[in-house]
Amino acid sequence: MSFSHKILDWYHTHKRELPWRETRDPYKIWLSEIMLQQTRVVQGMPYYHRFLEAFPTVYDLAQAPEEKVLKLWQGLGYYSRARNLHATAKMVVEQFGGEFPRTYKDLKSLKGVGDYTASAIASFCFNVPEPVVDGNVYRVLARYFGVDLPINSPSGIKYFKELAREVMDAEQIRDYNQGIMEFGAIQCAPKKPYCLLCPLNEGCVALKENKVDNLPIKNNKTKVRVRHFNYLVYLDIHNNTLLEQRKGKGIWQNLYQFPLVESEKEMNPDEMEHYLKSESNLQLLDMATPYNPDPIIHKLSHQHLHTKFWIVKTSDILEEGTAWEEVSQFPVPVLIADFIRTLKI
DNA sequence: AAGCCGGGGCG
DNA sequence: CGCCCAGGCTT
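The model shown is predicted, which means the values in this text are computed figures rather than measured ones.

What counts, and where the lines are drawn
Residues numbered from 1 in each chain as written. Chains lettered and ligands numbered in written order. Predicted model: local features only at pLDDT ≥ 70, side-chain atom pairs only at ≥ 80, totals over all residues. Heavy atoms only, no water. Core = buried A, V, L, I, M, F, W, Y, C linked by side-chain atoms within 4.5 Å. Buried < 20%, exposed > 50% of the residue type's maximum accessible area, 1.4 Å probe, protein only. Helix = DSSP H or I, 4+ residues; strand = E, 2+ residues; numbered from the N terminus. Domains from an automatic or database assignment. Contact = heavy atoms within 4.5 Å.

(A) Expanded view of the nonpolar core. Among the nonpolar cores identified, the biggest contains 98 residues, and Phe3, Trp30, Trp252 and Phe258 are the most heavily contacted of them. Here this core takes 8 residues from helix α8 (residues 115-126), the largest share from any one element. Both domains that meet at this core, namely domain 1 (3-214) and domain 2 (225-342), each give it at least three residues. Apart from the residues lying within four places of it in its own chain, the contact partners of Trp252 are Tyr79, Phe229, Tyr231, Arg246, His298, Leu300, Leu305, Pro333 and Leu335. Core analysis: the second largest hydrophobic core is formed by 10 residues, Val261, Met267, Met272 and Val312 among them.

Structure representation (structure tokens):
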């Protein structure tokens, strides 16, 4: 039996029942695919249901304010996905008459839709014979065929895409694509796959050559950058505080936060006092006090944010401020959301 | 070609 | 603590 037929057989026996597998509606498929980029199924699932409830159609999503989209996305990470999701909803409504395009090429022109996602939507919804190559597929192909090209090198990416196209089942592309990903997620797992009862163990090069733990190959380990954040949690006598929206290039674009002072090293109360006296026009009631004397270390995949929250009480009225009760309405990073939850006014 | 972009779970 | 997750965009 061929590689693809073994995948299909395994899939029909072991597939999980996932909501986006019960439909061919490109809106729902697209939504699920964007959410599942670099995200586990269990993590994305509740967001998927909440989004469909809030935005039943692409028109509802297109008409929503971006803040509402970001708020619903809060906690899922990689927020450019949410901004691109919103932009694409508008594109579909305005340029495609509310209907998703049906070809790989047109799908790939949508914001946030790259090679994988275009192939996924085209094959799942419209039976277009395009192979999907995600992290699962890289692992399955690298092991089964014994490919040691780095999966994140241009030559590796090209090679795996061509290999995926050669071994796919074009006649059953929807189930085959879902099947090979599911096989990678469940059976050919990253760590400790149970090769003893794998239906593909007979032809698996990695198993034969004892390379299962060494494939796939991936280089360029990301190194972590350490930053020191000081958030100024202003409070006036009405319990109003200040929020600002993150602009520019870096992390958390368009999300909200308290006014931020970034420093080279951890700041102590004297340094903060000095900073506030020189940079702030507000009348302070007493010294700024760190809510957490030991920095909270918020870990992103490529940055460690050593963070102190400073309570800054002022006798002035924060005219541009936000009532503390309203703060939780804004889309914020998890770091901020956790703090808001724990602070008792 | 390399870097950047979140948050969570697991061994 | 490092790796991985239904990747994509920017430089």
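What follows continues from the structure just given.
(B) Representation of the side chain of Thr322. Among the secondary structure elements, Thr322 is positioned in strand β9 (residues 322-323). For Thr322, the contacting residues outside a window of four places in its chain are Asn239, Asn240, Thr241, Leu243, Val327 and Phe330.

(C) Summary view of unusual backbone geometry. The step from Leu215 to Pro216 runs through a cis peptide bond, and the omega angle for that step is 0 degrees. As for its position among the elements, Pro216 is in the loop between α12 (205-208) and β1 (225-235). In the Ramachandran plot, Lys192 falls in the positive-phi region, its phi being about 50 degrees despite a non-glycine side chain. Mapped onto the fold, Lys192 is located in the loop between α11 (173-186) and α12. Since its relative accessible area comes to 78%, Lys192 is described here as exposed. Despite not being glycine, Asn254 shows a phi value in the positive range, around 75 degrees.

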